[in-house]
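Residue-level structure breakdown
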There are 8 protein chains.
Amino acid sequence: LRKGFPEVIFCQGKTIEQIVWIFSKLGEENRNILGTRASMEVFLSVQKLYPAAIYNELARTIVVSQGEDSNKTGNVLVMSAGTTDLPVAEEAAVTAEVMGNHVRKAYDVGVAGLHRLLDKLELIRWAHVIIVVAGMEGALPSVIGGLADQPVIAVPTSTGYGASFNGLSALLGMLNSCASGISVVNIDNGFGAGAMANTITRMIEKVAHEDKFKK
Amino acid sequence: LRKGFPEVIFCQGKTIEQIVWIFSKLGEENRNILGTRASMEVFLSVQKLYPAAIYNELARTIVVSQGEDSNKTGNVLVMSAGTTDLPVAEEAAVTAEVMGNHVRKAYDVGVAGLHRLLDKLELIRWAHVIIVVAGMEGALPSVIGGLADQPVIAVPTSTGYGASFNGLSALLGMLNSCASGISVVNIDNGFGAGAMANTITRMIEKVAHEDKFKK
Amino acid sequence: LRKGFPEVIFCQGKTIEQIVWIFSKLGEENRNILGTRASMEVFLSVQKLYPAAIYNELARTIVVSQGEDSNKTGNVLVMSAGTTDLPVAEEAAVTAEVMGNHVRKAYDVGVAGLHRLLDKLELIRWAHVIIVVAGMEGALPSVIGGLADQPVIAVPTSTGYGASFNGLSALLGMLNSCASGISVVNIDNGFGAGAMANTITRMIEKVAHEDKFKK
Amino acid sequence: LRKGFPEVIFCQGKTIEQIVWIFSKLGEENRNILGTRASMEVFLSVQKLYPAAIYNELARTIVVSQGEDSNKTGNVLVMSAGTTDLPVAEEAAVTAEVMGNHVRKAYDVGVAGLHRLLDKLELIRWAHVIIVVAGMEGALPSVIGGLADQPVIAVPTSTGYGASFNGLSALLGMLNSCASGISVVNIDNGFGAGAMANTITRMIEKVAHEDKFKK
Amino acid sequence: LRKGFPEVIFCQGKTIEQIVWIFSKLGEENRNILGTRASMEVFLSVQKLYPAAIYNELARTIVVSQGEDSNKTGNVLVMSAGTTDLPVAEEAAVTAEVMGNHVRKAYDVGVAGLHRLLDKLELIRWAHVIIVVAGMEGALPSVIGGLADQPVIAVPTSTGYGASFNGLSALLGMLNSCASGISVVNIDNGFGAGAMANTITRMIEKVAHEDKFKK
Amino acid sequence: LRKGFPEVIFCQGKTIEQIVWIFSKLGEENRNILGTRASMEVFLSVQKLYPAAIYNELARTIVVSQGEDSNKTGNVLVMSAGTTDLPVAEEAAVTAEVMGNHVRKAYDVGVAGLHRLLDKLELIRWAHVIIVVAGMEGALPSVIGGLADQPVIAVPTSTGYGASFNGLSALLGMLNSCASGISVVNIDNGFGAGAMANTITRMIEKVAHEDKFKK
Amino acid sequence: LRKGFPEVIFCQGKTIEQIVWIFSKLGEENRNILGTRASMEVFLSVQKLYPAAIYNELARTIVVSQGEDSNKTGNVLVMSAGTTDLPVAEEAAVTAEVMGNHVRKAYDVGVAGLHRLLDKLELIRWAHVIIVVAGMEGALPSVIGGLADQPVIAVPTSTGYGASFNGLSALLGMLNSCASGISVVNIDNGFGAGAMANTITRMIEKVAHEDKFKK
Amino acid sequence: LRKGFPEVIFCQGKTIEQIVWIFSKLGEENRNILGTRASMEVFLSVQKLYPAAIYNELARTIVVSQGEDSNKTGNVLVMSAGTTDLPVAEEAAVTAEVMGNHVRKAYDVGVAGLHRLLDKLELIRWAHVIIVVAGMEGALPSVIGGLADQPVIAVPTSTGYGASFNGLSALLGMLNSCASGISVVNIDNGFGAGAMANTITRMIEKVAHEDKFKK
Ligand SMILES: Nc1ncnc2c1ncn2[C@@H]1O[C@H](COP(=O)(O)O)[C@@H](O)[C@H]1O
Ligand SMILES: Nc1ncnc2c1ncn2[C@@H]1O[C@H](COP(=O)(O)O)[C@@H](O)[C@H]1O
Ligand SMILES: Nc1ncnc2c1ncn2[C@@H]1O[C@H](COP(=O)(O)O)[C@@H](O)[C@H]1O
Ligand SMILES: Nc1ncnc2c1ncn2[C@@H]1O[C@H](COP(=O)(O)O)[C@@H](O)[C@H]1O
Ligand SMILES: [Mg+2]
Ligand SMILES: [Mg+2]
Ligand SMILES: [Mg+2]
Ligand SMILES: [Mg+2]
Ligand SMILES: [Mg+2]
Ligand SMILES: [Mg+2]
Ligand SMILES: [Mg+2]
Ligand SMILES: [Mg+2]
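The present account deals with the structure reproduced in this document. Being a predicted model, the structure only gives us computed values, none of them experimental.

Topic: the coordination of the magnesium ion (ligand 6)
Protein-derived coordination of the magnesium ion (ligand 6) comes from Gly-145 of chain B (O) and Ala-148 of chain B (O), at a distance range of 2.2 Å. Using a relative accessible area of 7% as the deciding quantity, one classes Gly-145 of chain B as buried.

Brief notes about the pairing of strand S5 (residues 74-80) of chain D
Residues and elements named next belong to chain D. Among the seven residues in S5, seven count as buried, and that is most of the element. The two faces of S5 match: Gly-74, Val-76, Val-78 and Ser-80 on one face and Asn-75, Leu-77 and Met-79 on the other face are all buried. Alignment of S5 against strand S6 (residues 101-106), held across six bridges, turns out to be parallel. Paired with Val-76 across the two strands is Val-103, which belongs to S6. Following the backbone out of S5, through helix H3 (residues 86-98) and into the adjacent parallel S6, one traces a crossover that is right-handed.

Remarks on helix H6 (residues 140-147) of chain E
In an α-helix, one full turn covers 3.6 residues, which means residues spaced three or four apart are oriented alike. Burial analysis of H6 of chain E places six of its eight residues in the buried class, the great majority of the element. Residues Leu-140, Pro-141, Ser-142, Val-143, Ile-144 and Gly-145 of chain E constitute the buried set of H6 of chain E.

Here's the deal with the relation of the copies chain D and chain A
With an axial shift of 0.0 Å and an RMSD of 0.0 Å, the rotation relating chain D to chain A amounts to 90°. This pairing of chains is accounted for by a four-fold axis. Identified as the residue of chain D closest to the rotation axis by C-alpha distance is Phe-165 of chain D, at 7.6 Å.

Some details on the sheet that holds strand S1 (residues 7-10) of chain G
All names here are of chain G. An order of S1-S2-S4-S3 is seen for the four strands of this open sheet, with the pairing classed as mixed. Lying at the two open borders of the sheet, with one neighbouring strand each, are S1 and strand S3 (54-56). Put simply, the sheet's adjacent strands are angled 15° from each other on average, direction ignored. Here four bridges tie S1 to strand S2 (residues 33-36), and the two strands are oriented parallel to one another. Bridged to Glu-7 within S2 is Ile-33.

Let's talk about the interface of chain D and chain B
Taken together, the contact pairs 35 residues of chain D with 36 residues of chain B. Interface of chain D and chain B: buried area, both sides summed, is about 3,200 Å²; carbon and sulfur atoms make up 68% of it. Linking chain D with chain B are zero salt bridges. The tally of links between chain D and chain B comes to six residue pairs in polar contact (both at pLDDT 80 or more). Elements represented by at least two residues in the side of chain D that touches chain B include exactly helix H7 (168-175), strand S9 (182-184) and helix H8 (190-210) of chain D. Take the side of chain D that touches chain B: its biggest share by element is 13 residues, from H8 of chain D. Looking at the side of chain D that touches chain B, its residues break down into 18 nonpolar, twelve polar and five charged.

Topic: the packing of helix H1 (residues 16-27) of chain A against helix H2 (residues 40-49) of chain A
Residues and elements named next belong to chain A. Where H1 meets H2, the closest approach of the two axes is 10 Å, and the angle between their N-to-C directions is 35°. Once H1 is placed against H2, the crossing between them reads as right-handed. Between H1, through Ile-16, Ile-19, Val-20, Phe-23 and Ser-24, and H2, the contact on the second element is made entirely by Glu-41, Val-42, Ser-45, Val-46 and Leu-49. The residue inventory of the contact of H1 with H2, partitioned by class, reads seven nonpolar, two polar and one charged.

Observations concerning the sheet that holds strand S1 (residues 7-10) of chain B
Residue and element names in this part refer to chain B. Strand order in the open sheet formed by four strands is S1-S2-S4-S3, and the pairing between neighbours is mixed. Each edge of the open sheet is held by one strand with a lone partner, namely S1 and strand S3 (54-56). Averaged over all pairs of adjacent strands, the angle between their axes in this sheet comes to 15°, without regard to strand direction. Relative to strand S4 (residues 61-64), strand S2 (residues 33-36) runs antiparallel, the two being bridged by three bridges. In the strand pairing of S4, Leu-34 is matched with Val-63.

A few points about the pattern of salt bridges
On inspection of all chains with the given rule, the structure shows 39 salt bridges over all chains. Residues Asp-108 of chain A and Lys-120 of chain A are paired through a salt bridge, measuring 3.5 Å at the closest nitrogen-oxygen approach. Of the two residues, Asp-108 of chain A sits in the loop between strand S6 (101-106) and helix H4 (114-118) while Lys-120 of chain A sits in the loop between H4 and helix H5 (121-126), which places them twelve residues apart along the sequence. Overall, the relative accessible area of 18% leaves Lys-120 of chain A in the buried class. Among the ionic pairs, Glu-122 of chain C bridges to Arg-125 of chain C, the shortest N-O distance being 3.6 Å. Taken together, the residues Glu-122 of chain C and Arg-125 of chain C, both in helix H5 (residues 121-126) and three residues apart, mark about one turn of the helix.

Let's talk about helix H8 (residues 190-210) of chain A
Compared with an ideal rise of 1.5 Å per residue, which puts 21 residues at 30 Å, H8 of chain A spans 30 Å between its outermost C-alpha atoms and is within 8% of the ideal. Within H8 of chain A, 17 of the 21 residues are buried, leaving the element largely enclosed by the surrounding structure.

What to know about the relation of the copies chain D and chain B
Superposing chain D onto chain B requires a rotation of 180° together with a translation of 0.0 Å along the rotation axis, leaving an RMSD of 0.0 Å. A rotation of that kind, with that shift, is consistent with a two-fold axis. Of the residues that chain D buries at the interface, 100% are likewise interface residues in chain B, meaning the two copies contact each other through the same surface.

Observations concerning unusual backbone geometry
The phi angle at Arg-37 of chain F is positive, at roughly 55°, despite the residue not being glycine. With respect to the helices and strands, Arg-37 of chain F occurs in the loop between strand S2 (33-36) and helix H2 (40-49). Using a relative accessible area of 17% as the deciding quantity, one classes Arg-37 of chain F as buried. Located in the positive-phi region is Asn-166 of chain G, a residue other than glycine, with phi close to 55°. By the secondary structure assignment, Asn-166 of chain G is in the loop between strand S8 (152-156) and helix H7 (168-175).

Thoughts on the packing of aromatic side chains
Given two aromatic rings, one states the distance between the centres and the angle between the planes to describe the pair. Under the counting rule described, the total for this entry stands at 24 aromatic pairs over all chains. Their ring planes at 15° and their centres at 4.9 Å tell us that Phe-43 of chain B and Tyr-55 of chain B sit as a pair that is stacked. A residue pair is termed long-range when its members are at least 10 positions apart, and Phe-43 of chain B in helix H2 (residues 40-49) and Tyr-55 of chain B in strand S3 qualify at twelve residues. Since its relative accessible area comes to 16%, Tyr-55 of chain B is described here as buried. Taking NZ or CZ as reference, Arg-37 of chain B lies 3.7 Å from the ring centre of Tyr-161 of chain E, over its face.

Rules used in this analysis
- Residues numbered from 1 in each chain as written.
- Chains lettered and ligands numbered in written order.
- Predicted model: local features only at pLDDT ≥ 70, side-chain atom pairs only at ≥ 80, totals over all residues.
- Heavy atoms only, no water.
- Donors = N, O, S within 2.8 Å, 3.2 Å for Na, K, Ca; no water.
- Buried < 20%, exposed > 50% of the residue type's maximum accessible area, 1.4 Å probe, protein only.
- Helix = DSSP H or I, 4+ residues; strand = E, 2+ residues; numbered from the N terminus.
- Pairing = 2+ DSSP bridges.
- Right-handed = clockwise from strand over helix to strand, strands pointing away.
- Least-squares fit on C-alpha atoms with pLDDT ≥ 70 in both.
- Axes fitted to C-alpha atoms, helices over the stretch in contact; angles between N-to-C directions.
- Contact = heavy atoms within 4.5 Å.
- Buried area = accessible area lost by both parts, 1.4 Å probe.
- Salt bridge = Lys/Arg side-chain N within 4 Å of Asp/Glu carboxyl O.
- Polar contact = N/O pair within 3.5 Å; in protein donor to acceptor, adjacent residues only side chain to side chain.
- Nonpolar A, V, L, I, M, F, W, Y, C, P; charged D, E, K, R; others polar.
- Left-handed = near helix turned anticlockwise from the far one by under 90°.
- Expected span 1.5 Å × (residues − 1).
- Phe/Tyr/Trp six-rings, centres within 6.5 Å; stacked < 30°, edge-to-face > 60°.
- Lys NZ or Arg CZ within 6 Å of the ring centre and 35° of its normal.

Structure below.
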């Protein structure tokens, strides 16, 4: 079974001093650490402590890997429609990966260009769980939910303007299509989607391991 | 050019006496009359005055045809996803028709079953204007907008429950996809969509007639 | 693998005639059928067609079982806090069951009485997926999410009054705790929660069957 | 028929690197390009690549013209009430123009000064489609809709303060007057209005060309 | 100066027993009494007590006149657009009248038919205060505010459907045009508008009487 | 009767160039000019054109006085509760004054200290119209409305935090007390309140002048 | 110290069968029982079980007294402005009383008639805790909070119409005046206010008993 | 009884000049002074006047102690879940303390880690009043309310993102759990919570002193 599951620090709203202090404290226990919503400035301070820390500028994540490596065992596909949703999609991808999943990405699919979406059917079949990140393309999860048999985790984003109301519009649209195997996490919560996906793949792994479902 | 364009009576919120009185007054001018949001009870009273009046129970419309017939000249396609959106879709269809358009309908298309939608491409090519009526399938207009070159008029409906918030959720989702040749009318406003479609086909007809665009 | 997966009819907003017609059409294909949000009156009409149909008055569901029986293979636990959330909880339970899962229920747990919740740890360990239904106890999913390693699907309900705003308050509270392995479906959407839970257990079953995760 | 229809880049929320990269990629295909919501800084970078690019500072648009010229064939009138709505009105005008329409403007009409509006009747008759941009004067589209036979596309803007709620108030007001041949696009979505207007004039042009409406 | 200013009873939310008891108590003091939001059933009970009480079925008001008569001294014009706004308009008219004002009415004016509005200029000049009642025609007060020099009191109504959101949309639209001598009362509050108009005419009367402004 | 009624420029959302240009154009007609929501920077540019222009830093108003002087004839009292409401209260005061009214101020009254309010009864009796500006003290207008016979114009302000929701909370509270001779203008709209007050005093003046109310 | 503290049943949303079953189960333990939000029909069924049960029709409460009597020890004053707030005020009063407090009531105080409020200063001094129930008079708690030194518990009610938005408006207004020793419970939650008041008086009693504060 | 109760200045929205002036005026009366929502810059100016003034950087409070010392007599416990809620929690703590209470803090308790909460039972028993500050952990007050017999004052905070909607989500969740002895103050209103807690402990103290409750 997987090892090295990370501790998580939500950096937004904390001072650099507080963040560095938490990182150092957690590091003593030889755990992997994931920092989310971290600015470059935060990263530079953390890097002094952990020179091997890795920063994903788009996702705004810091990953500190120490301790045993985790065997990647679940297949998580992250899909999104456009450039402005990338930060949230990347946060989901980094989270799922650091928690021990294989992650693939399809960041160029939108409902107004169905062919590009239909090109991804192979990728969809590969996945155990699909994360769909969308702001102005709030319709994307229900279209994908119709094509896929897997659990779909929808993440509304606060991109867009006007009647997008900071993601509320996408959130509501996604909630209204819950019937087809979709559930939703908070606006911009790439981390939550990655963590939920991981909770599912971990359960899959556990059951397969225990042979509970053998027939 | 078209004749017999109807007068319109919005019956909701009026007493039967008020409605019958308006119908009788308008009828004197030998005009066609369209009554919307009319209950069966209202219809029965109007029918005494105009025995040839026609009631569409689903659309809740009353049509009184008198005076010259209108030549149907525009092609309006009304699409919707499900049974619960039918009343609004029918209101749009009746309105577009009584105003002088050819109307066709595709009431069984949804984003979660793309093949049924792709079967309608022929019908889509036929249309000059497309009306898309959707409540829980708020994503439908943007998917159709991606497939079609025509003006798309989106009508959110107040069906659904929970986070559908009486159509607000569908409305917001539709507004967020305005870039692809979509514009939106009020929640449940099938009449307004039919009237807007007609305004467009009338303009097409007028320009074609005047040969303005000849090359 | 599971058989007899049902067709589903959402009865709300449809006339009895429409519903009976859809039931009869689907029945011809010898499928199991699940009707949701069905009144007693609807059931009585459906029963004439399928005398063996079963009505759950609380859940307002109709189940028509024909064709092969489904082997139950996933473990779904449905939890809720109080009497007023029962209809939604039951809808989730019936849905998960008719789709082929073992379902257990804990309908008497609330955050203000932690001991009753701590009594359920055994039951929690049994589950592959946990559905938590809550209206006035909007805090319940995050407390359970803290106790459990399983995917938690939270269903806000429209019970309560005043600032519960028809479930909006519970919905928002649940979205804010997405970090701990929780995702959310629409207000009162017991069906969607059951279907999402089933999508997860089906994926577990599929992977276990394919031995993909064997080590 | 029209040529040189542009590719469009929504610049907001993208980094300068991303934008320049997309411009250069699209440019290779010898297409016209329209960039919207572009800052001066973005323009200066794009200009290095395309020295003939034109920036409209008010509209915040970049237009790169290459390839064949488009014959302008539709008549689009853009109306607004005040200075603060100009950026959105200009975005609509630039969009309609670069897509191949004749564009005229009436930026000084308001409901509280009806005479100035009545002076524009000539201009109104000229148009095939009318775009009305309004924030604090949310009433403008319905007044114009009453004077005009053409399709009216209403664009709410986020100007104003207090109970204007970033354009929501104007949006709702416009939706409530959809009956008279008005449909609505997203708040501040000048681009969407221009594109919708163009979809209509293109359809007019196509039908006139095909002689479909000949009598 | 005016006499016989009435006591007011807001009947909604009170039992018939409570209402009759308050009427009888107030009546002992020989005052005029105005009951608002009174059902026919309430009126029939009050009538037993005061056989001369007058019921306005549209306005849902009860007026009991006793004591000295009031000399009517202010000129209040009540304007509205359509049939569905009549109950609120009538409540405003009855209130202003029973408080001692001359009341005239123009109930057939709308922004989409400017000529009918321009026909009322004479009436507008007659008024000291103008009350404008509007739901779907939320634009009406600002158009009238542009034509008139008098104080305009705008009353949003909860008629309409969809994005009218029970009058919220009209309310917001009216608030956004406050610059031109308009102020707003609560949704459906015909009484409040009549009372506010009366407060203004009473002040006019008082100042004229005191000769304060003589030059 | 009053002379020199000013032209008004709403400076927010306009560039300095646009503002200076409008000031210079209006100035040619020898009118008084009132600029609202003007920054110090705007003022400095206007001052170059009109060295006698006066800036009220708190109110953010610019007043250019030229042409004939206006005889002050109406009595307007501006009341507010606290320091943070001062900018809006001052905007109302400057507006009422430049339009030809005597203005007095009571800026230190709050509902939690009734004695300070009861000290102002003399001042209240002096007024023809009362403007009440309040944010966190949303209750103030109804308390004053209970003490005064004059028309009360309530101005909600966007001060406060949390559940003040940028003035929405104060706005709603004020709308709910419309029965007692109160009407409301937009959030932070000191100008609108001043203009409405002036519309009332001008009407008083006109009637008194015409001797219409003589008895 | 107090005895006989009651068990509480929230009857709304439960079937009569469920309610009677819970009453009978709780009754076995010889406890006092308080049922809230109970219809007359519910009461009649409960009365068969407990002939001595007392129904308060206004408050919609059922009280079953058995076991030892509680010594009343805290002083709770319930204040409200008008007839329509009485049900909620009575629910608060019944709750505080059955939990062992002396309860007095002042149901005729409003901010527009300050003298009636100032008449209650004696009553205010008597109280240990004050509950203020208000819908349209949302200002009442802050006025009372200014007069009193005691903890004030504010209960917004859903009476009123239009912009009262089912109590939201009163709720927001009350939250904005929290500085002066006021805290708020849910809309219409008379029970919660009574229970909170009781929690305070119980703590007072406990401390006084333990002599902790002796000096 | 307590002495030296402070005067309070709400610094947000005031200029430094205004703040310093109020401090100096209040200081003349030899009172203790509490400034809330004060920036470091404000503090530095106040410090020139009162060199002994103390600034709490997290709470953003200034305390000026002069005059007699207050005997601390009530026990107030402030609880919160995470680092981002600390500023509001500290504001509550400083307020309660400067008003004469013993204050203890438990800033590391959350619903997802029940054991840490159960460790605090001793501390809970010590308190007379409990303040619970929470943003993303909106469930915390109801869990604590279930464990404690004391009055609980819940303070929603505007931390979090997405569907936390600046504290609205936490506010609504807290209001829905008012039954169990919880009442709520405004979002981020640490001051109001501290003041309410103090109002309660003062009342406890007064009653104990007067021996009213002696048995
Ligand atoms: N981007 C994120 N959005 C929401 N929750 C997060 C995010 N990143 C981390 N978390 C959660 O926040 C917790 C850490 O919060 P904290 O102790 O304040 O750093 C983690 O255990 C996660 O559950
Ligand atoms: N279903 C509808 N929804 C919205 N507006 C409508 C509808 N039916 C008719 N109308 C509009 O209402 C006007 C008639 O309103 P009225 O004079 O009140 O009967 C027509 O001219 C239409 O513009
Ligand atoms: N239709 C109405 N809408 C709002 N307030 C009203 C209305 N009718 C009467 N009122 C107010 O309600 C008060 C009487 O309330 P009540 O004592 O509850 O009958 C009157 O003095 C009026 O100020
Ligand atoms: N942080 C705060 N939040 C809300 N109200 C406050 C706060 N600080 C002080 N107050 C209140 O504001 C009043 C002082 O306001 P002011 O006179 O504007 O300084 C005090 O008496 C308190 O009731
Ligand atoms: Mg699927
Ligand atoms: Mg298209
Ligand atoms: Mg968990
Ligand atoms: Mg028109
Ligand atoms: Mg005017
Ligand atoms: Mg008054
Ligand atoms: Mg007090
Ligand atoms: Mg408790």
